[in-house]
Amino acid sequence: QKKSISTMSKDQQLLQEITIMMTDPTQAQNDAKIETIMQKIRNLDPKKASDQLRLAACHFMTMYHTRKAMTIGMSEDPRMQQQQGMMGQLMGGMGGGGAQSGQDKLNLAAVEKFKLAQRRDMELGWNLLNIQSSNSQAARTARVLKIEVAQRLEDSFKLKQAFD
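A few points on the structure. All values derive from a computational prediction rather than experimental measurement.

1. Description of the overall build of the chain
So, point 1. Check the secondary structure of the chain and you find 8 helices and 0 strands.
So, point 2. Counting all 164 residues of the chain, 30% fall into the buried class.
So, point 3. Restricting the contact set of the chain to residue pairs at least 6 apart, pairs at least 24 apart contribute 62%.
So, point 4. Taken as a whole, the chain presents about 11,000 Å² of accessible surface, with 56% of it coming from carbon and sulfur.

2. Points about the packing of helix α2 (residues 31-42) against helix α3 (residues 51-70)
So, point 1. In contact at an axis separation of 11 Å, α2 and α3 are set at 135° when each is read in the N-to-C sense. With respect to α3, the axis of α2 lies oblique. At the point where α2 passes α3, the crossing takes the left-handed sense. Residues Asp31, Ile34, Glu35, Ile37, Met38, Ile41 and Arg42 of α2 lie in contact with α3, whose contacting residues are Ala57, Phe60, Met61, Tyr64, His65, Arg67 and Lys68.
So, point 2. Classifying every residue of the contact of α2 with α3 by side-chain character gives 8 nonpolar, 1 polar and 5 charged.

3. Comments concerning unusual backbone geometry
Keep in mind that most residues, glycine aside, have a negative phi and that most peptide bonds are trans.
So, point 1. If you check the backbone angles, Glu154 has positive phi at about 55° while not being a glycine.
So, point 2. Turning to its location among the elements, Glu154 is positioned in the loop between α7 (137-153) and α8 (156-163).

4. Focus on the nonpolar core
So, point 1. Ile18, Ile41 and Phe60 are the most contacted members of the largest nonpolar core, which totals 32 residues.
So, point 2. Among the secondary structure elements, those contributing two or more residues to this core are α1 (2-23), α2, α3, α6 (108-128) and α7.
So, point 3. A total of 8 residues in this core trace back to one element, the largest contributor, which is α3.
So, point 4. Beyond its immediate sequence surroundings of up to four residues, Ile41 is in contact with Leu14, Ile18, Ala57, Phe60, Met61 and Leu124.

5. Some words on the pattern of salt bridges
So, point 1. Counted according to the given criterion, the structure contains 10 salt bridges.
So, point 2. With a shortest N-O distance of 2.5 Å, Glu148 and Arg152 are connected by a salt bridge. One end of the pair is Glu148 and the other is Arg152, both in helix α7 and 4 residues apart, which spans about a single turn.
So, point 3. Using a relative accessible area of 18% as the deciding quantity, one classes Arg152 as buried.
So, point 4. Asp164 is the salt-bridge partner of Lys160, the closest N and O atoms lying 3.0 Å from each other. Each member of the pair, Lys160 as well as Asp164, carries the same accessibility label: exposed.
So, point 5. Salt bridges linked by common partners bring Arg119, Glu123, Asp155 and Lys158 together as one network.

6. Some points on the side chain of Arg152
So, point 1. Only 3.0 Å separates the side chain of Arg152 from the side chain of Gln118, close enough to count as a polar contact.
So, point 2. Within polar-contact distance, the side chain of Arg152 engages the side chain of Glu148 at 2.5 Å.
So, point 3. Other than its neighbours up to four places away in sequence, Arg152 contacts Thr62, His65, Thr66, Gln118 and Met122.

Cut-offs used in this document
- Residues numbered from 1 in each chain as written.
- Predicted model: local features only at pLDDT ≥ 70, side-chain atom pairs only at ≥ 80, totals over all residues.
- Heavy atoms only, no water.
- Helix = DSSP H or I, 4+ residues; strand = E, 2+ residues; numbered from the N terminus.
- Buried < 20%, exposed > 50% of the residue type's maximum accessible area, 1.4 Å probe, protein only.
- Contact = heavy atoms within 4.5 Å.
- Areas by Shrake-Rupley, 256 points an atom, 1.4 Å probe, with all protein chains shown as cover.
- Axes fitted to C-alpha atoms, helices over the stretch in contact; angles between N-to-C directions.
- Parallel < 35°, antiparallel > 145°, perpendicular 65-115°, else oblique.
- Left-handed = near helix turned anticlockwise from the far one by under 90°.
- Nonpolar A, V, L, I, M, F, W, Y, C, P; charged D, E, K, R; others polar.
- Core = buried A, V, L, I, M, F, W, Y, C linked by side-chain atoms within 4.5 Å.
- Salt bridge = Lys/Arg side-chain N within 4 Å of Asp/Glu carboxyl O.
- Polar contact = N/O pair within 3.5 Å; in protein donor to acceptor, adjacent residues only side chain to side chain.

All we've got here are geometric facts, nothing functional implied.
As structure tokens, then:
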């Protein structure tokens, strides 16, 4: 019995950390904290987590990977990041007039690494979204999130399940 209480308080703490991270813009820049939260989410037991934590964790993971996708191959140097901003990437260097440097080309190894990490996390996300009480608000929200997760997994079977 003592163990479930400590598990519950850890889950409540994680839910609070996720909520703060997703609502406080100053926290959103704290990469170390974001990685710590992701590690805690990856260690969750989907069978024991509350519906609220399951939804928040899955939503956090999708936001995490969206952010990662936007920065694939970007330099760790903040001065370079400003030069390589999203518009520069989207515009493909148009209007720059010069030839593109090797750094502007998408790093395929980084893309593959990203896709593998996202796949692993989205599989967990799918499991987190298996909410039993099918008529609850949490279950309805989970069904919407499942569509997003199935698309990220590029899994047509799961996508069909999400719509059924």
